[in-house]
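Each chain, letter by letter, is given below.
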Amino acid sequence: MHRFWNERQLWLLAIFVAPLFFLASSALISLVEFFTPSAMESGGWAQVEASVSAG
């Protein structure tokens, strides 16, 4: 049986797609926070970013 993707192609795909998904998720969270400020009551995305950078 012939595989459609080989292992190297899957790794390259993952390396290029992962940052795109991260940026998309960050943008989605920012949009939710912008349009519904009460959705994240304890400081929102800025607090999450601050805690990650402090850790």
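Please refer to the structure higher up on the page.
The shown structure was predicted, so the numbers you read here are calculated from the model rather than taken from an experiment. (Residues numbered from 1 in each chain as written. Predicted model: local features only at pLDDT ≥ 70, side-chain atom pairs only at ≥ 80, totals over all residues. Heavy atoms only, no water.)

## Quick word on the overall build of the chain
Counting secondary structure elements, the chain contains two helices and zero strands. The proportion of buried residues among the 55 residues of the chain is 5%. Looking at the chain as shown, the accessible area adds up to about 5,100 Å², and 71% of this sits on carbon and sulfur atoms. (Helix = DSSP H or I, 4+ residues; strand = E, 2+ residues; numbered from the N terminus. Buried < 20%, exposed > 50% of the residue type's maximum accessible area, 1.4 Å probe, protein only. Areas by Shrake-Rupley, 256 points an atom, 1.4 Å probe, with all protein chains shown as cover.)

## A closer look at the packing of aromatic side chains
In total, this model carries two aromatic pairs according to the counting rule given. When the ring of F4 is compared with that of W5, the centres are 5.5 Å apart and the planes differ by 80 degrees; the resulting orientation is edge-to-face. Judged by its relative accessible area of 70%, F4 falls in the exposed class. (Phe/Tyr/Trp six-rings, centres within 6.5 Å; stacked < 30°, edge-to-face > 60°.)

## Some words on a nonpolar patch on the surface
A grouping of F4, W5, L10 and L13 is seen on the molecular surface, where their side chains present a nonpolar patch of about 440 Å² in accessible area. Assignment of secondary structure puts W5 in the segment before α1 (7-35). (Patch = residues over 30% accessible without salt bridge, like charges linked within 9 Å, V, L, I, M, F, W, Y side chains within 5 Å. Salt bridge = Lys/Arg side-chain N within 4 Å of Asp/Glu carboxyl O.)

## Some points on α1
Its 29 residues place the ends of α1 41 Å apart at the C-alpha level, agreeing with the 42 Å of an ideal helix rising 1.5 Å per residue. By the largest-angle criterion, V17 marks the main kink of α1, which is about 25 degrees, and a proline, P19, follows within four residues. A distance of 3.2 Å separates the backbone nitrogen of R8 from a side-chain oxygen at the start of α1, and that oxygen is part of N6. (Expected span 1.5 Å × (residues − 1). Bend = angle between axes of the 7 residues up to and from the residue. Polar contact = N/O pair within 3.5 Å; in protein donor to acceptor, adjacent residues only side chain to side chain.)

All quantities given are derived from atomic positions and should not be read as evidence of function.
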